[in-house]
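One letter stands for each residue in the lines below.
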Amino acid sequence: MAILVTGGAGYIGSHTCIELLNENYEIIIVDNFSNSKKESLERIRKITNKDFGFYEVDLLDQANLEKVFIENDIEAVIHFAGFKAVGESVQIPLSYYHNNITGTLILCELMAKYKVYNMVFSSSATVYGMSETVPISEDFPLGATNPYGKTKLMIEEILGDLVVSNPDWSIAILRYFNPIGAHKSGLIGEDPNGIPNNLMPYIAQVAVGKLKELTVFGNDYDTLDGTGIRDYIHVVDLALGHLKALQYILEHNGIDAYNLGTGDGYSVLQVVEEFEQASGVKIPFTIRSRRPGDIPVCYANPIKSKEKLNWTAKRGIREMCEDTWRWQQNNPNGYEEKKMHEIYCNYLEKVNMMKGRKSCAISYILTRKSS
């Protein structure tokens, strides 16, 4: 039986697919490439040396999405697919409500039709809104302040109603804090469309010369250096959290929400300093006034995930920065086919996988044929 991964070609989705394949799960990826690149699928194959099913389908396309359920024996769904930019959601709210909520409704209708009752849902810490205290626990009041966060919160409520209507459903809601980092190989990482919305890819693009300087919004918060503090989590730790959640829902019914964060907070300037240490590159920045809606401090209480899912984040901020820099150096303009062979060879050498092979070129040819 297979695990269906919606949005599996995206940043978090691609890292999760790698970990699923490494644990010998059969996976089927569905993606429409609105927030991702086809090249990421090829690189998943290179890292794992395993193949998987793929459908280029939009979740709003019910007829073609249903073919995925007809043609595959699906056991569970990990649901990443959706629009994800906070600022953009304020500008085009109807697109976010239609895409994220309607797409999830169609997915859930098909899951119910084909008796697939297991889901891990990609939610967000934005559902907590303007929390006044930290660390943030799962029982804190919910109240998103932008359309993106509101779609996540509405979907959480919809999934709760599903479980009430039918006790066969088993759903884990994962509330992410701030994913950063990249796969150790340098093959997979965050490749945002246009100017990045998040801190780390912006820093990385400044470091590689793609952007001129970093803009820091606010240096007058009541924090150690005046800049906002957030909980940054390595994307591989986040991916492994999905595996733990999947294992849990396959053995338990019902619904529950879990924070995926480290429980530690770092300021913007601390992250800049860590990245400079990891990369050896000075990051120029300018200070501007605070953005409306930003809060001084936000970090998770991850105890529930540890106790119920047996999951904890293990990678620190320096490793997050080092892995981000490796990805950005190898891929200054994001995913590029012409660089993949060189990057893949370097990765194989680092993990001692070249033993017994005549050359990386031969290895590359063989893996191309197997994909």
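Residues numbered from 1 in each chain as written. Predicted model: local features only at pLDDT ≥ 70, side-chain atom pairs only at ≥ 80, totals over all residues. Heavy atoms only, no water.

Visitor: Mind laying out the overall build of the protein chain, listing which residues take part and the relevant values?
Guide: For the protein chain, the helix and strand inventory stands at 13 helices and 14 strands. In terms of overall size, the protein chain behaves like a compact globule, its C-alpha atoms giving a radius of gyration of 20 Å where 371 residues would be expected to give roughly 21 Å. If one aligns the C-alpha atoms of the protein chain with their principal axes, the spans along those axes are about 60 × 55 × 40 Å. Residues classed as buried in the protein chain amount to 53% of the 371 residues present. Put simply, 80% of the contacts in the protein chain that link residues at least 6 apart link residues at least 24 apart. Counting every atom, the protein chain has about 16,300 Å² of accessible surface; 48% of that belongs to carbon and sulfur. Charged side chains in the protein chain number 37 positive and 46 negative. The centres of these two groups are separated by 6 Å. (Helix = DSSP H or I, 4+ residues; strand = E, 2+ residues; numbered from the N terminus. Rg over C-alpha atoms; globule rule 2.2 N^0.38 Å. Buried < 20%, exposed > 50% of the residue type's maximum accessible area, 1.4 Å probe, protein only. Contact = heavy atoms within 4.5 Å. Areas by Shrake-Rupley, 256 points an atom, 1.4 Å probe, with all protein chains shown as cover. Lys, Arg positive; Asp, Glu negative; His and termini not counted. Charge placed at Lys NZ, Arg CZ, Asp CG, Glu CD.)

Visitor: How would you summarise the sheet that holds strand β4 (residues 74–79) if you had to cite specific residues and measurements?
Guide: The sheet built from seven strands is open, its strands ordered β3-β2-β1-β4-β5-β6-β11 with parallel pairing. Here the strands that pair on one side only, and so sit at the sheet edges, are β3 (53–56) and β11 (254–260). Each neighbouring strand pair of the sheet contributes to a mean axis angle of 15 degrees, computed without reference to strand direction. Across seven bridges, strand β5 (residues 118–124) lies against strand β6 (residues 170–176) in parallel orientation. Residue Ser122 lies in a different strand from β6, and its bridge partner there is Leu174. (Pairing = 2+ DSSP bridges. Axes fitted to C-alpha atoms, helices over the stretch in contact; angles between N-to-C directions.)

Visitor: Please provide a residue-by-residue account of the state of the cysteines, values included.
Guide: Taken as a whole and assessed by the stated rule, the structure comprises zero disulfides. Of the cysteine sulfurs around Cys17, a residue in no disulfide, the closest is that of Cys108, at 19 Å. Take Cys17: its relative accessible area is 0%, and that puts it in the buried class. Cys321 takes part in no disulfide bond, and the closest cysteine sulfur to it belongs to Cys298, at a distance of 18 Å. (Disulfide = S-S within 2.5 Å.)

Visitor: Outline the sheet that holds strand β12 (residues 266–267), supporting the account with residue identities and numerical values.
Guide: Strand order in this open sheet of three strands is β12-β9-β14, and the pairing throughout is mixed. Edge positions in the sheet fall to β12 and β14 (297–298), since each of these pairs with one other strand and no more. Pairing of strand β9 (residues 229–230) with β14, which is carried by two bridges, proceeds in the parallel orientation. Looking at β14, one finds that Arg230 is bridged to Cys298.

Visitor: How would you explain the packing of helix α3 (residues 62–71) against helix α5 (residues 93–113) if you had to name every residue and give the values?
Guide: Relative to each other, α3 and α5 sit at 40 degrees, their axes nearing to 10 Å. It follows that α3 is oblique to α5 by the angle criterion. Between α3 and α5 lies a crossing whose hand is right-handed. Listed contacts from α5 to Gln62, Leu65, Glu66 and Phe69 of α3 are Ile106, Leu107, Glu109, Leu110, Met111 and Lys113. (Parallel < 35°, antiparallel > 145°, perpendicular 65-115°, else oblique. Left-handed = near helix turned anticlockwise from the far one by under 90°.)

Visitor: I'd like a description of the environment of Val86, backed by residues and values.
Guide: Considering the arrangement of structural elements, one finds Val86 in helix α4 (residues 86–91). It is 5.6 Å that separates the C-alpha atoms of Val86 and Tyr148, two residues lying 62 residues apart in sequence. Excluding anything up to four places from it in sequence, Val86 contacts Asn146 and Tyr148.

Visitor: Pulling in residues and values, what's your account of the packing of aromatic side chains?
Guide: Enumeration according to the criterion identifies seven aromatic pairs in this entry. Relative to Phe54, the ring of Phe33 has its centre 5.5 Å away and its plane inclined at 40 degrees; by these criteria the two rings are tilted. Separated by 21 residues along the polypeptide, Phe33 in the loop between β2 (26–31) and α2 (39–48) and Phe54 in strand β3 bring together distant segments of the chain. Exposure remark for Phe54: the relative accessible area of 27% places this residue in the partly exposed category. Seen from their ring centres, Tyr248 and Tyr258 are 6.4 Å apart, and the 70 degrees between their planes marks the pair as edge-to-face. Note that Tyr248 is positioned in helix α8 (residues 235–249) and Tyr258 in strand β11, a separation of 10 residues in sequence. Across the pair, Tyr258 and Tyr248 agree in class, each one buried. The ring of Phe52 has Arg45 sitting right over it, with the charged end atom 4.3 Å from the ring centre. (Phe/Tyr/Trp six-rings, centres within 6.5 Å; stacked < 30°, edge-to-face > 60°. Lys NZ or Arg CZ within 6 Å of the ring centre and 35° of its normal.)

Visitor: Break down the pattern of salt bridges for me, with residues and values.
Guide: With the rule as written, the count across this model stands at 19 salt bridges. The salt bridge involving Lys304 is made with Asp256; its shortest N-O contact spans 2.5 Å. Of this pair, Lys304 sits in helix α10 (residues 303–309) while Asp256 sits in strand β11, placing them 48 residues apart in sequence. It is possible to trace a salt-bridge network through shared partners that takes in Lys184, Asp237, Arg315, Glu319, Asp323 and Arg326. (Salt bridge = Lys/Arg side-chain N within 4 Å of Asp/Glu carboxyl O.)

Visitor: Mind laying out unusual backbone geometry, listing which residues take part and the relevant values?
Guide: With glycine set apart, most residues show a phi of negative sign, and most peptide bonds adopt trans. Residue Pro135 follows Val134 across a cis peptide bond; omega there is -5 degrees. Among the structural elements, Pro135 can be located in the loop between β5 and α6 (147–165). Non-glycine residue Phe33 carries a positive phi angle of around 65 degrees. Since its relative accessible area comes to 14%, Phe33 is described here as buried.

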